[in-house]
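Next come the chains, spelled out residue by residue.
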Amino acid sequence: MEAKTPLESLTVLTDLVLPGETNYLDNLFGGELLARMDRACSIAARRHSRRLVVTASVNHVAFSKAIPVASVVTVEAKVSRAFKTSMEVYVDVWIEDRQSGHKTKVNEGIYTFVAVDETGKPVEVPQIIPETEIEKTRFEDALRRKELSLVLAGRLDPKEASALKKVFL
């Protein structure tokens, strides 16, 4: 199985925020944004693995800025690291000023997907070869995030979490 770059999984979804998708402050519902992020991440994971994929977890979401009605929202997702059958997908959310075209990052998230066959059994995925500095950073950080998640779930002994040990020791 040949390794791939994050760029090969890049998924960009651009849409407009409509009044029916907003809360009483006329900002995009958080759940609506999560759904858009999940769709983009799902497509990125499928592009990387060329298999059916299922969302395993939403590891992190930062709602750092509200997204007002009528905003042009762009969701960019790409696989940041692949493990045996799972993939971490990093997603950035931007809004665009319609007059200047200037984009502002408003949110980000980290999702984990598992590639499965038609019966739902996990299958192996290609590895990732990060190219840019941000891809390399996200790639390295992904192992620490995975180990932390496994330790917290009781599926990994903290003494075996080698990437986490490097941070704390």
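Residues numbered from 1 in each chain as written. Predicted model: local features only at pLDDT ≥ 70, side-chain atom pairs only at ≥ 80, totals over all residues. Heavy atoms only, no water.

Draft legend 1. How the structure looks around the environment of Arg 145. Structurally, Arg 145 can be placed in helix H2 (residues 133-152). By relative accessible area, Arg 145 is classed as partly exposed at 25%. Taking C-alpha positions, Arg 145 is 16 Å from Ile 134, a pair spaced eleven residues apart along the chain. With residues up to four places along the chain from it excluded, the contact list for Arg 145 reads Glu 88, Tyr 90, Ile 110 and Arg 138. (Helix = DSSP H or I, 4+ residues; strand = E, 2+ residues; numbered from the N terminus. Buried < 20%, exposed > 50% of the residue type's maximum accessible area, 1.4 Å probe, protein only. Contact = heavy atoms within 4.5 Å.)

Draft legend 2. Spotlight on the pattern of salt bridges. Counted under the stated rule, the structure contains nine salt bridges. A salt bridge links Arg 36 to Glu 21; its shortest N-O distance comes to 2.9 Å. Taken together, the residues Arg 36 in helix H1 (residues 30-49) and Glu 21 in the loop between strand E1 (11-16) and H1 connect sequence positions 15 residues apart. Here Arg 36 matches Glu 21 in class, with each residue buried. Among the salt bridges present, the one from Arg 36 reaches Glu 32, with a minimum N-O distance of 3.0 Å. Taken together, the residues span about one helical turn, with Arg 36 and Glu 32 both in helix H1 at a distance of four residues. Judged by its relative accessible area of 6%, Arg 36 falls in the buried class. Judged by relative accessible area, Glu 32 falls into the partly exposed class, the value being 24%. A single salt-bridge network, built from bridges that share partners, covers Asp 92, Lys 105, Glu 108 and Arg 138. (Salt bridge = Lys/Arg side-chain N within 4 Å of Asp/Glu carboxyl O.)

Draft legend 3. Summary view of the packing of aromatic side chains. All told, the structure shown has one aromatic pair when counted by the stated rule. Seen from their ring centres, Tyr 111 and Phe 113 are 6.5 Å apart, and the 20° between their planes marks the pair as stacked. In terms of burial, Tyr 111 and Phe 113 fall into one category: buried. Taking the ring centre of Phe 139 as reference, the NZ or CZ of Arg 81 above it sits at 4.0 Å. Cation over ring: Arg 138 sits above Tyr 90, and NZ or CZ is 3.5 Å from the ring centre. (Phe/Tyr/Trp six-rings, centres within 6.5 Å; stacked < 30°, edge-to-face > 60°. Lys NZ or Arg CZ within 6 Å of the ring centre and 35° of its normal.)

Draft legend 4. Structural context of the sheet that holds strand E2 (residues 52-63). Strand order in the open sheet made by the five strands is E1-E3-E4-E5-E2, with antiparallel pairing throughout. Two strands close off the open sheet at either side, each with one partner strand: E1 and E2. Taking the axes of each pair of neighbouring strands and ignoring which way they run, one obtains an average angle of 25° across the sheet. One ladder, built from ten bridges, connects strand E3 (residues 72-82) with strand E4 (residues 86-96); its direction is antiparallel. Residue Ala 77 lies in a different strand from E4, and its bridge partner there is Val 91. (Pairing = 2+ DSSP bridges. Axes fitted to C-alpha atoms, helices over the stretch in contact; angles between N-to-C directions.)

Draft legend 5. Molecular detail of the environment of Ala 3. Note on placement: Ala 3 falls in the segment before E1. Put simply, Ala 3 and Glu 147 are 144 residues apart on the chain and 22 Å apart in space, counted from C-alpha to C-alpha. Discounting chain neighbours no more than four positions away, the residues touching Ala 3 are Pro 126, Gln 127 and Ile 129.

Draft legend 6. Inspection of H1 at higher detail. Along its 20 residues, H1 runs 28 Å from first to last C-alpha, staying within 8% of the 28 Å computed at 1.5 Å per residue. In the core, the buried residues of H1 are packed alongside E1, E2, E3, E4 and strand E5 (103-116). Once H1 finishes, Arg 50 follows within two positions and takes phi at roughly 55°, a positive value. (Expected span 1.5 Å × (residues − 1).)

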